[in-house]
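Observations on the model geometry
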Amino acid sequence: MKIPASMASLTVKALAESLTLENMKIIADKLFDYYDFNKKTGFSYNLDIPRQVAAKQFVSDVKNEGLFIKLVQILIEMHTTGYMGKKYPIKYLKEIISNIREQGIIYDIENHIFVEDPAIRKTKNWGALNEGEQYLFALLRLDIAGNSKLVREYPDDIIQATYADFRDMVYDAVDRRNGRIWSWEGDGGLVAFFFSNKNLYATFAGMDIVNRLFLYNLTKCRLKEPLGVRIAVHSGLMDYTDKEEDLKRSDIIRTITDIEANYTKPNTLTISDMVAKGFCKSMLEEFKPVTTGSKTYYNYSLQWEAAE
Amino acid sequence: MEISVFSDSKTVSSCFSALEKSKGFSVNYNTLSELKKKGQSLPADAVIYADFSGLTQPAVKKNLTILSSLNRIFGILDAKGSYDDPALFFHAGACDYIGKAPFKSGVNKARIKKVYEYGIKSLNIQQAETASPVKFTSPVSGNDWKKITQGKEYTFSFMYIELDNQKEIKKRFPGNALEDFTREFHNFVEQSVLNINGKIWMWTDLGGLVLVPFDGETCPAIFTGFKMMLNRRITSFENFDYDMLFSYRIAIHIGSTVYQSRGDTGKIVSDSVNSIYHLKENFAGAGKMYLTEEAYNFIPREFENYFIKAGTYEGRDIYRMLELV
């Protein structure tokens, strides 16, 4: 994100007028492994550094290190929830947040982080997650059943058009729920949900895709048989990474792959116990429990009454 | 309408898969060597497609001569886009040419209708008198609101949507909470019928009558109603933050009424409005969708298996959508 000079100046003003040098040191400790105000400003240790000078130097260093957004996040935290039991009212905070919003970044109150405004930009990490840091995600995995057979049986253009329809269907169902497609391999992919009721959103997206597939197979499918897709949802803590190879090695991905491949019939959705445990009773009644050994999964499918 | 496809390709049916699922159309497949023999026995207004993909020049010439001599409406399939000058086919009497891109996206109902109309004109074929499945007492309204004027009578699609278990709902949402909840449900109905140009026309309590323009050919309200029933579970939990599964009933009818704008409908006397009101009130069961026989005549073919006859009410056959269990 580009930090305009006016926004940096406003932040310097906010720090200088709201915090002591000691308070600024607290923030510095959260952002840097080691930060020495005296060394940075050139003031010897026996001299007091004017707050304005300390703040100016600090904001400049924060900006250069790409930590500006993190700084504002800490300021919001100190202002709202406080630090070590004490709140620190920060002047001009509203104006700073408003300036950031103009850059297409909005503050997510629930997760206490700045994220990209989905109306302006959509990136894999919502413009907020850092490589290697651990977060709680809900994941949705989709896989076209019998892909190899379909590819052998149908001409390439039919397969390409059918799979493109499927991708559009998935994209629309997850996009409206602020999900991000993390990987896509033609015959399926992995989608992540991070914000708000992530488990519910991932599950709704899965249910929506089951329903859309039903209508697609009934009205538009170019294949002689229904397009079959296995869908699974699981959630848990994992390190965020941009690299698909690293993603595959994570436990949560291995579990969701297992649920999708081994406990899910085509055109149904299976969710893990981790996901289901937060659901209300009436929502859970829409799923059929599937017990396997010590694990219980929950399956959603369209079951029609028999026509007499 | 019968479409006869002559092709030696195993995948040719993919081009006609949408058409095969359309009501009123059937597609049969034959080999190209059967063109002459079978072509002659087809009805005068049959539509033929011959697949010329990968044919040698002499084979193209031979089959084109056969097609011309049949004096039938015909089109050429060219899945690989191998012919640089498809106009030659039209010079020989073809009414359609399906090149690479249209082959990929598939032939639809609208295209075949155009081909048929063009062929009928150019071959001067006498069309068989086909009786319209339904006679309308009033002119159809058209598929949008542009030509609809107040005070005149039109044939519309009527769609009644109403929440079930109203007593329980009223208990659960006392006072202002009920107003908020009703507004949310009203908005949900309004949004759901937006893409079929539907308008909430009358609203009472926890449900209302939607008026959908009707062009005499299709009844999109059926698909919309079907989708609303299919997505009821997601809608309940995702659109309404009340942790409860809603149940609503839908009744669809095609009939006529004088049109007046919403709020100015107090003096309307319409048999259709009465009928659909009685149907949803006295015949319809909770959580179910119904079509009167007038609406059922316009059900898309692919949805037929998902409806069963539910009985007769006020002299009309009533059909019910199968339930999700």
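Residues numbered from 1 in each chain as written. Chains lettered and ligands numbered in written order. Predicted model: local features only at pLDDT ≥ 70, side-chain atom pairs only at ≥ 80, totals over all residues.

Considering the overall build of chain A
Within chain A, the regular secondary structure consists of 13 helices and 9 strands. Scaling as 2.2 N^0.38, a compact globule of 308 residues should have a C-alpha radius of gyration of about 19 Å, whereas chain A reaches 25 Å, well beyond that. Across the 308 residues that make up chain A, the buried fraction comes to 33%. In chain A, the share of contacts with a sequence separation of at least 24, taken over all contacts with a separation of at least 6, comes to 66%. (Helix = DSSP H or I, 4+ residues; strand = E, 2+ residues; numbered from the N terminus. Rg over C-alpha atoms; globule rule 2.2 N^0.38 Å. Buried ≥ 20, exposed ≤ 12 C-beta atoms within 10 Å, placed from the backbone. Contact = placed C-beta atoms within 7 Å.)

Let's talk about the overall build of chain B
Along its length, chain B carries 12 helices and 12 strands. Against the globule reference of 20 Å for 325 residues, chain B gives a C-alpha radius of gyration of 25 Å, more extended than a compact globule. Structurally, chain B occupies a C-alpha span of about 80 × 40 × 35 Å along its principal axes. Across the 325 residues that make up chain B, the buried fraction comes to 32%. The long-range fraction of contacts in chain B, counting pairs at least 24 apart against all pairs at least 6 apart in sequence, stands at 66%.

Here's the deal with the nonpolar core
Ranked by size, the top nonpolar core spans 71 residues in total, and within it Leu15, Leu139, Leu140 and Val233 of chain A carry the most contacts. The greatest single-element share of this core, amounting to 8 residues, is contributed by helix α9 (residues 198-219) of chain A. Sequence-distant contacts of Leu15 of chain A, that is, excluding residues within four places in its chain, are made with Met24, Ala55, Phe58 and Val59 of chain A. Membership of the second largest hydrophobic core comes to 41 residues, among which are Met159, Trp201, Ile276 and Ala295 of chain B. (Core = buried A, V, L, I, M, F, W, Y, C linked by C-beta atoms within 7 Å.)

Description of the interface of chain B and chain A
A common way to state how big an interface is: give the accessible area lost once the parts meet. In this complex, chain B contributes 24 residues to the contact, which on the side of chain A involves 26 residues. The set of elements that each furnish at least two residues to the side of chain B that touches chain A consists of α1 (17-20) and α10 (232-238) of chain B. Looking at the side of chain B that touches chain A element by element, the count peaks at 4 residues for α10 of chain B. Partitioned by chemical class, the residues of the side of chain B that touches chain A number 10 nonpolar, 7 polar and 7 charged. (Nonpolar A, V, L, I, M, F, W, Y, C, P; charged D, E, K, R; others polar.)

A look at the confidence of the model for chain A
Confidence along chain A averages 92 in pLDDT terms, with 100% of residues attaining 70 or more. By mean pLDDT, helix α10 (residues 244-249) of chain A is the weakest element of chain A at 84, and strand β7 (residues 268-271) of chain A is the strongest at 98. (pLDDT = per-residue confidence, 0-100.)

A few points about the environment of Ser9 of chain A
Residue and element names in this part refer to chain A. Residue position: Ser9 is located in helix α1 (residues 5-18). The class for Ser9 is exposed, based on 12 C-beta atoms found within 10 Å. For the pair Ser9 and Val59, spaced 50 residues apart in sequence, the C-alpha to C-alpha distance is 8.6 Å.

With respect to the sheet that holds strand β8 (residues 207-213) of chain B
Residue and element names in this part refer to chain B. Strand order in the open sheet formed by 7 strands is β7-β8-β6-β9-β10-β12-β11, and the pairing between neighbours is mixed. The open sheet is flanked by β7 (199-204) and β11 (307-313), the only strands paired with a single partner. On average, each strand axis in the sheet is tilted by 25 degrees relative to the strand beside it, whichever way the strands run. Taken together, the 6 bridges between β11 and strand β12 (residues 316-321) define a ladder with antiparallel strand orientation. Its bridge partner lying in β12, Lys309 is registered against Tyr319. Across the sheet, helix α8 (residues 176-192) touches β6 (153-163), β7 and β8, and the angle it forms with β7 is around 155 degrees. (Pairing = 2+ DSSP bridges. Axes fitted to C-alpha atoms, helices over the stretch in contact; angles between N-to-C directions.)

What about the sheet that holds strand β3 (residues 47-51) of chain B?
Residue and element names in this part refer to chain B. Spatially, β2-β1-β3-β4-β5 is the arrangement adopted by the 5 strands of the open sheet, whose pairing is parallel. With one partner strand each, in any of the chains shown, β2 (26-30) and β5 (96-98) form the two edges of the open sheet. Mean inter-strand twist for the sheet, computed between neighbouring axes without regard to direction, equals 20 degrees. In this structure, strand β1 (residues 2-6) lies alongside β2, joined through 5 bridges in parallel fashion. In the sheet register, Phe6 faces β2, and the bridge partner there is Asn30.

What to know about the environment of Ala119 of chain A
All names here are of chain A. Topologically, Ala119 is positioned in the loop between β2 (113-116) and β3 (134-144). For Ala119, a count of 8 C-beta atoms within 10 Å translates into the label exposed. Here the alpha-carbon distance between Ala119 and Gly104, two residues 15 residues apart in the chain, equals 8.4 Å.

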